[in-house]
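Per-entry structural report
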Amino acid sequence: MEVDKVPPVVDESTPEEAVEKKAEKCEMKGEEYAYLDATGFTSELFKIEIRGLPKYYGIGELKKLLNVKMKLSTNKIKIMKPGSPFIFICFRNQEDREAAIKALDGYKWKGKELSAFEAKPAPDPLVRRRKEASGTEGEPMNIKRRTVEASATSLAYLSYEQQLKQKQSEMENVLQKFGKELWSSIPTLRVFVEKQRQEHGGLPCAFEPIRPSPMQDGYRNKCEFSIGKDAQGVKRVGFRVGSYTNGFLEVEPIAHLKHIPDCMKQAVALFEEFVQSSPFEVYSAETYQGYFRQMTVRMSHATGQVMVIVGVHLQSLSETEQKDMKAAIVECLTSETGKKAGICSIHFEVIQKRQQGQYTNPIEHLYGDTHIEDTILGLTFRISPGAFFQINTPAAQLLYQCAIDVAAPDRNTSLLDICCGTGTIGLCFARHCKQVLGVDIVEQAIKDAEYNAQKNGIENCKFFAGNADDLITSLIRQANISPEQQESLIAIVDPPRAGLHIRSITQLRNARGLDKLVYVSCSPQSAIKNWIDLMRPCSKQLRGDPFVAKKAIAVDMFPHTPHTELIILFERETEKKSESVAEEATVNDVRETHEGSQLSVDV
């Protein structure tokens, strides 16, 4: 977008004038900075760079330093790769930025002296990529674009048996990497790791054959569909095949994808027709204009119910226009076609910039049921629009049964369900143990968990809303186990893709009486650091005895995709076994002294 006018140069004596001058400088640089005006406000105008950061720090630690200890009003922290010595932080105005530079420049943190200074706004990655993709004469270069099949179901070209073999092999690679990381980062465990490798085919623990999904096609009970335009400019409801950073944002149809159930495809086709005929434009990530942005569809394999959540940018719509839009959405989705698709619940999500401490967008119920219900292991679960629920219900039954089998609870067992969501795992465990205590950061999910417990007549479960990082110690006190009466404590964790925060790991490690932990991961590569921290020797921070990985089981929750769920059972060693591991560590220390750097060849 060419800039016709360049505003006059002004004195930077006020924050408002600073914005104008910064925008002026950026406009003169061309289209890559046009977004600074187009968005109305962007914190890129008030960005600083911090250098000299310590090698090891957590983003949570940094946020606490900036926002709590130093009381700086940060708007956005732009996370770099782990261990990066620099980072960018954005603010809402020039005054806050100047205060931050003054406070941070020369500040000492973790033995390092920080330097802080103004940073230029980042260029628009979409415009930059398009420029890079143009030849010297302006002709577009040949950019390889992935099809929607390759993006969403990259393994669909393989038979299901071949998919399982590939996933089993990939999970073996993950466990091998886990073993190598243990070997290199915890020298005192090297002899123990070598022994485990010899017993388990090169792996650090036993690994059972992958469990196949009972249902391979049409298994997804939730999909988030983008609303946009395809390469020909036609309005679509489907999956985005590109990204902002690689220069194209096309949305392609999903009717031929194997993992999406027919009822969802029918709902998407119906709403796509509505969007194409609607006077309201689809949202554009390039211009920040438009209204319809996404459509989330949830369905129940048990009841056939279909819930639709339409995500909209309201822009400057009046109350009357909003009311008309909502009425039109309901009229469309409750038509005969919508009823045939099973649509019985309609919600309206307002997509907006979230405030600090806000984890979800506002959702308004427009029509029909407020929730839908599904069943796992004979239990009925209520699902709200934003609640987490495993996306493959038949395979979730298999996953939870595997978790119960490896944990082997009894009537004297108390279970901590960390990141419990709607309580599915904990409630499935409840019939096998004394009590279940669950925690999740999403309040609505906890309300669903409490409802689900009542609905199923389960009385030995309690659920708490809050950050698991802060509540694990309280849950352990609440469990109040008595080892003298043969009572035991087990934790099951099913965290988001990024894994658990080190605070949660620390509290689990330091928990007395917690001798067994089941870690369920949807992103095993990301969980390796958590697993290693569970096995680290005692330290000032990790005072409790280390856990040891005993057994791993992969469950294919996501047929036709490369993703796999992995369960690992960790146990604390008994006193006798701990002495054995300690002896191995002592032998290893002697060996390390004699062989020196030759040990690195053994990895």
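For the structure given in this document, a descriptive report is provided here. All figures in this text were calculated on a predicted structure; none of them were measured in a lab.

Reading the values: rules and limits
- Residues numbered from 1 in each chain as written.
- Predicted model: local features only at pLDDT ≥ 70, side-chain atom pairs only at ≥ 80, totals over all residues.
- Heavy atoms only, no water.
- Core = buried A, V, L, I, M, F, W, Y, C linked by side-chain atoms within 4.5 Å.
- Buried < 20%, exposed > 50% of the residue type's maximum accessible area, 1.4 Å probe, protein only.
- Helix = DSSP H or I, 4+ residues; strand = E, 2+ residues; numbered from the N terminus.
- Contact = heavy atoms within 4.5 Å.
- Phe/Tyr/Trp six-rings, centres within 6.5 Å; stacked < 30°, edge-to-face > 60°.
- Lys NZ or Arg CZ within 6 Å of the ring centre and 35° of its normal.
- Pairing = 2+ DSSP bridges.
- Axes fitted to C-alpha atoms, helices over the stretch in contact; angles between N-to-C directions.
- Salt bridge = Lys/Arg side-chain N within 4 Å of Asp/Glu carboxyl O.

**With respect to the nonpolar core**
Counting 50 residues, the largest nonpolar core has F178, W531 and F570 as its most contacted members. A total of 8 residues in this core trace back to one element, the largest contributor, which is helix α7 (residues 160-185). Leaving out residues up to four positions away in the same chain, F570 has contacts with F178, D515, K516, L517, Y519, W531, L534, M535, F547, V548 and A549. In this structure, M307, C428, F463 and F558 belong to the second largest nonpolar core, which totals 45 residues.

**Details of the packing of aromatic side chains**
Counting across every chain of the model gives 10 aromatic pairs. With a centroid separation of 5.9 Å and an interplanar angle of 85 degrees, the aromatic rings of F271 and F292 are classed as edge-to-face. Of the two residues, F271 is situated in helix α9 (residues 262-277) and F292 in strand β11 (residues 292-299); the sequence distance between them amounts to 21 residues. Here F271 matches F292 in class, with each residue buried. When the ring of F381 is compared with that of F389, the centres are 6.3 Å apart and the planes differ by 55 degrees; the resulting orientation is tilted. You can call F389 buried: its relative accessible area is 3%. Aromatic rings pair up to connect F271, F274, F280, Y291 and F292 into one cluster. Sitting over the ring of F86, R51 keeps its end group 4.6 Å from the ring centre.

**Concerning the sheet that holds β11**
An order of β10-β9-β8-β11-β12-β13-β14 is seen for the 7 strands of this open sheet, with the pairing classed as mixed. Either end of the sheet is taken by a strand with one partner, and the two such strands are β10 (251-252) and β14 (363-368). Strand direction decides the pairing type here: β11 and strand β12 (residues 306-312), joined by 7 bridges, are antiparallel. Following the sheet pairing, R298 is matched in β12 by M307. Running over the sheet, α9 touches β8 (222-229), β9 (235-240), β11, β12 and β13 (343-350) and is turned about 155 degrees from β11.

**As for the pattern of salt bridges**
Scanning all chains against the criterion turns up 21 salt bridges. One salt bridge connects E194 with R197, and the closest N-O pair in it is separated by 2.8 Å. Residue E194 and its partner R197 are located together in helix α8 (residues 190-199), separated by 3 residues, close to a single helical turn. Among the residues examined, R197 registers a relative accessible area of 14% and is labelled buried. The shortest N-O distance in the salt bridge between E272 and R236 comes to 3.2 Å. With E272 in helix α9 and R236 in strand β9, this pair connects stretches of sequence that are 36 residues apart. One network of salt bridges, with partners in common, ties together E44, K47 and K78.

Keep in mind that these numbers describe shape and distance, not what the molecule does.
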